[in-house]
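Below are the chains, spelled out letter by letter.
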Amino acid sequence: MTDRTEAMSPLELYESLMAQGDKVRALKTAKADKTEIDAAVQLLLKLKVDYKQVTGQDYKAGSPPSESSVVHDNGPAADGADDEDTVDPWNVSTTNAKGVDYDKLIVRFGSSKIDKELVDRIEKVAGQKPHRFLRRGIFFSHRDMHQVLDAYEKNKSFYLYTGRGPSSEAMHVGHLIPFIFTKWLQDVFDIPLVIQMTDDEKYLWKDLTLEDCHRFAVENAKDIIACGFDVNKTFIFSDLDYMGSSREFYTNVVKIQKHVTFNQVKGIFGFTDSDCIGKISFPAIQAAPSFSNSFPQIFGGRKDIPCLIPCAIDQDPYFRMTRDVAPRIGYPKPALLHSTFFPALQGAQTKMSASDPNSSIFLTDTPKQIKNKVNKHAFSGGKDTVDEHRKYGGNPDVDVSFMYLTFFLEDDEQLEKIRQDYTSGALLTGELKKLLIETLQPMIAEHQERRKQVTDEMVKQFMTPRPLNFNC
Ligand code: TRP
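Residues numbered from 1 in each chain as written. Predicted model: local features only at pLDDT ≥ 70, side-chain atom pairs only at ≥ 80, totals over all residues. Heavy atoms only, no water.

1. Comments concerning the overall build of the protein
1) Next: Scanning the protein from terminus to terminus reveals 22 helices and 11 strands.
2) Next: Radius of gyration (C-alpha) of the protein: 24 Å, near the 23 Å computed for a compact globule of 472 residues.
3) Next: Along the first, second and third principal axes, the C-alpha atoms of the protein reach 80 × 60 × 45 Å.
4) Next: Residue burial in the protein is summarised as follows: out of 472 residues, 53% are buried.
5) Next: Partitioning the intrachain contacts of the protein with sequence separation of at least 6 by distance along the chain shows that 76% fall at a separation of at least 24.
6) Next: If you sum the accessible surface of the protein, you get close to 21,200 Å²; carbon and sulfur atoms cover 52% of it.
7) Next: The distance from the centre of the 59 positive side-chain charges to the centre of the 67 negative ones in the protein is 3 Å. (Helix = DSSP H or I, 4+ residues; strand = E, 2+ residues; numbered from the N terminus. Rg over C-alpha atoms; globule rule 2.2 N^0.38 Å. Buried < 20%, exposed > 50% of the residue type's maximum accessible area, 1.4 Å probe, protein only. Contact = heavy atoms within 4.5 Å. Areas by Shrake-Rupley, 256 points an atom, 1.4 Å probe, with all protein chains shown as cover. Lys, Arg positive; Asp, Glu negative; His and termini not counted. Charge placed at Lys NZ, Arg CZ, Asp CG, Glu CD.)

Here it is in C-alpha cells:
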C-alpha cells in the first residue's frame, strides 16, 4: 500500500473507489487520451487491492464496507510511525512501556469511548456507585451501551454473555477481570448471565486433547463460580457439551455460518489457506450466545432480548462479525463493554500470560510466591538508587505494581495518595511493592477459600441447562 491509501479507513477507501470509478467512466465517455485512461484505471485497480487488503471483502459499487471490515492486524496506524500495537484474539503487544494506546484502538476498531457521561449514566440507572473498573477507565470502550440503558430504563431487561477459553488448569489474576466486572453487572442490574467455555476453540488452536480441554473447562468453571455468581441467574456451558445437546444453539451457529464468507473471516481474523476448517468456522460458535434464542430454557424461545457482552478488547473481532451478521438473520446486535489488558509482571508491553509463569500471579499462588514474584519480577518505574528516587521520584505510568493497584485497590483516595507519593519520591519502590503484596495476598487467599467451597454438585448445577430467574 502507498502512504496515501494506507492511512484511509475502509469507508474513505470505498469513497475514493466510487469517485475513481466515476472518473474512469467519464474519461472513457469523453474518449480521452489512452495514457490518461490507463493511469486512471491503474489507480482504480490499486485502490481495489488496498480495499480488499483492509476489509477482507471485494469492492462492490453501491455496497459500502460493513462494520466488521476493520484491519485484522491493526496494521499501519493512521496517525503515526511510532505505532507498534498489535491487538487480536491471539496476540497483544506494544513497544510502549505504558501499554497499548487504547484511545487509538477505539479509533481503529470503530468503537466508542466510555466517557464520564456514560459512567454517570450507568451510576444513575444502576443506582450504585460505579465499579472501580469504570471509575478508572479499565473498562474503557463500548458499543451501543446507551441503547441497553435506554431499554432498561423502559423496563426492558437484557442479559449478559461472557466467556473463557480453557487452555489450562491454571488461571491467573488477569483472567478474573471480566468476571469480577460481570458479577457486579449481574448484581446491580439483576439479570441472567451465560458463560461460554470454549473448550472446542482451545482444542482447535492449541496442542491439547479434547479430554483435557473439557476438563480445563470444568476446572476453570470452579474459579469462575468462586467469583460469587448467583446460581439462579447464571448458566455456564462447555461448547463440547452444549452444542450437541441444543438444537436451538446449533441452529443459530448454522445460520451464522451461512451468512459469513471465508473472505470476511480472513479479513477479520487473518486466517490463511492452511488454517484448519474448524478455526474458520469457530467464530460462528462464539457469536451464537449473543442471540437469546440460543437459550430457550432461559428465554423461552424469544429472540429479541438484548445481549450485553463484557470482554477484553482483543475479543472484539468476534463481535464485530456478530454485529455485522445479526440484522441479516433477524436478530438484535449485541452491545459490548471492552476492558484493557491486564499487564504482565515484566511490563505493560504485553498482557499477563499463563504460559509464562514468571509473568503471572496465579490463583493458586501461596502468599510467599506472590511476595517473591512481585519483588523479583514486577517492572518498576522507580529510580536505580534511593537517593535518585527521593530526588527525582518514580513513574507510576510504567510501574506494574502501581498498575495492579489501580485494578485491585478499592479506595480512590488511597490510590491517589500512593500515586502522588510515588511520583514525588516520598514512596520507594520497595514500599509500593509491599502495598501491592498486602493487597494481593488476602484477595487471592479469599479466592482460594471460596473455590474450596465449590463442590462438584454445584458445578453440575451451574452447567445444567435450566430456567433462570428472568422477568423481561
Ligand atoms: N475466545 C475467548 C477466549 O479465548 C472465550 C470467549 C468465548 C469469550 N465467548 C466469549 C470471551 C465472550 C469474552 C466474551 O478467552
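Once you've had a look at it, read on.
2. Examining the packing of helix α13 (residues 262-269) against helix α16 (residues 316-325)
1) Next: Contact pair α13 / α16: the axes reach a minimum separation of 10 Å and the direction vectors enclose 145°. As α13 runs across α16, the sense of the crossing is right-handed. Two secondary-structure elements touch here, α13 through Q264, V265, I268 and F269 and α16 through P317, Y318, M321 and D324. (Axes fitted to C-alpha atoms, helices over the stretch in contact; angles between N-to-C directions. Left-handed = near helix turned anticlockwise from the far one by under 90°.)

3. A look at helix α3 (residues 34-55)
1) Next: In this model, α3 (22 residues) spans 31 Å end to end at C-alpha, consistent with the 32 Å of a helix rising 1.5 Å per residue.
2) Next: Listed in full, the buried residues belonging to α3 are I37, A40, L44, L47, D50, Y51, V54 and T55. Projected down its long axis, α3 shows its buried positions confined to an angular sector of 150°, all on one face. Exposed and facing more than 90 degrees away from the buried side of α3 are K34, T35, Q42 and V49. (Expected span 1.5 Å × (residues − 1). Arc of directions from axis to C-beta.)

4. A few points about the domain arrangement of the protein
1) Next: Partitioning the protein into structural domains gives domain 1 (10-55), domain 2 (89-346) and domain 3 (367-453).
2) Next: Relative placement of domain 1 and domain 2: their C-alpha centres are 40 Å apart. (Domains from an automatic or database assignment.)

5. Considerations on the sheet that holds strand β5 (residues 159-164)
1) Next: Read across the sheet, seven strands follow the order β3-β4-β9-β8-β5-β6-β7 without closing on themselves; strand pairing throughout is mixed. The open sheet is flanked by β3 (112-113) and β7 (234-238), the only strands paired with a single partner.
2) Next: Two strands pair when backbone bridges link them, and strand β6 (residues 193-197) and β7 are joined in this way by five bridges, in the parallel orientation. Paired with M197 across the bridge in β7 is S238. (Pairing = 2+ DSSP bridges.)

6. As for unusual backbone geometry
1) Next: Backbone geometry at D144 places phi at a positive 60°, although glycine is not the residue there.
2) Next: Along the polypeptide, D144 turns up in the loop between β4 (139-143) and α7 (145-153).
3) Next: Despite not being glycine, N155 has its phi angle at roughly 65°, a positive value.
4) Next: Along the chain, N155 falls in the loop between α7 and β5.

7. Section: the pairing of strand β9 (residues 335-339)
1) Next: The buried count for β9 comes to five of five residues, which makes it a mostly enclosed element.
2) Next: In terms of strand pairing, β4 meets β9 through four bridges, oriented antiparallel. Of the residues in β9, the one forming a bridge with S141 is H338.
3) Next: Direction of pairing for strand β8 (residues 307-312) relative to β9: parallel, over a ladder of five bridges. Bridge pairing links L308 to A335 in β9.
4) Next: Regarding topology, α16 serves as the crossover connection from β8 to the parallel β9, and that connection is right-handed. (Right-handed = clockwise from strand over helix to strand, strands pointing away.)

8. A look at the site of the ligand
1) Next: Close to the ligand lie 14 residues; Y161, Q196, E201, Q286 and Q315 are nearest.
2) Next: Measuring from a nitrogen atom of the ligand, one finds a side-chain N or O atom of Q315 at 2.9 Å.
3) Next: Taken by itself the ligand offers 370 Å² of open surface, and the protein chains cover 89% of this.
4) Next: The set of elements that each furnish at least two residues to the shell around the ligand consists of β5, α9 (199-205) and β8.
5) Next: The leading source of residues in the shell around the ligand is β5, at four residues.
6) Next: Of the residues belonging to the shell around the ligand, the class tally is four nonpolar, seven polar and three charged. (Near = heavy atom within 4 Å. Polar contact = N/O pair within 3.5 Å; in protein donor to acceptor, adjacent residues only side chain to side chain. Nonpolar A, V, L, I, M, F, W, Y, C, P; charged D, E, K, R; others polar.)

9. Concerning the nonpolar core
If you look at soluble globular proteins, the nonpolar side chains tend to sit buried side by side.
1) Next: Of all hydrophobic cores here, the largest spans 69 residues; its most connected members are F189, I236 and I361.
2) Next: For F189, the contacting residues outside a window of four places in its chain are V125, A126, L149, Y152 and F158.
3) Next: In terms of nonpolar packing, the next biggest core, distinct from the first, is built from 39 residues, V260, I268, F295 and Y318 among them. (Core = buried A, V, L, I, M, F, W, Y, C linked by side-chain atoms within 4.5 Å.)

10. Quick notes on the environment of E219
1) Next: Following the sequence through the fold, E219 ends up in helix α10 (residues 210-225).
2) Next: Spatially, the C-alpha atom of E219 lies 9.0 Å from that of A170, the residues being 49 residues apart in sequence.
3) Next: E219 has contacts with E169 and R451, leaving out every residue within four places of it along the chain.

11. A short note on helix α20 (residues 412-424)
1) Next: The first and last C-alpha atoms of α20 sit 18 Å apart over 13 residues, in line with the 18 Å expected at 1.5 Å per residue.
2) Next: Turning to α20, its buried residues number three or more, namely L415, I418 and Y422. One side of α20 holds all its buried residues, which, seen down the axis, span an arc of 60°. Pointing more than 90 degrees away from the buried face of α20 are the exposed residues E413 and K417.
3) Next: Residues of α20 that are buried sit in contact with α18 (386-392), α19 (400-408) and α21 (429-452).
4) Next: Trailing α20 by a residue or two, G425 shows a phi angle of about 100°, which is positive.

12. A short note on the state of the cysteines
Joining two cysteines, a disulfide is a covalent bond between their sulfur atoms.
1) Next: According to the stated counting rule, one finds zero disulfides in the structure shown.
2) Next: C213 supplies the cysteine sulfur nearest to C276, a cysteine that is in no disulfide, at a spacing of 13 Å.
3) Next: On the basis of relative accessible area, C276 is assigned to the partly exposed category, the value being 36%.
4) Next: With no disulfide partner, C307 has as its closest neighbouring cysteine sulfur the one in C311, 10 Å distant. (Disulfide = S-S within 2.5 Å.)

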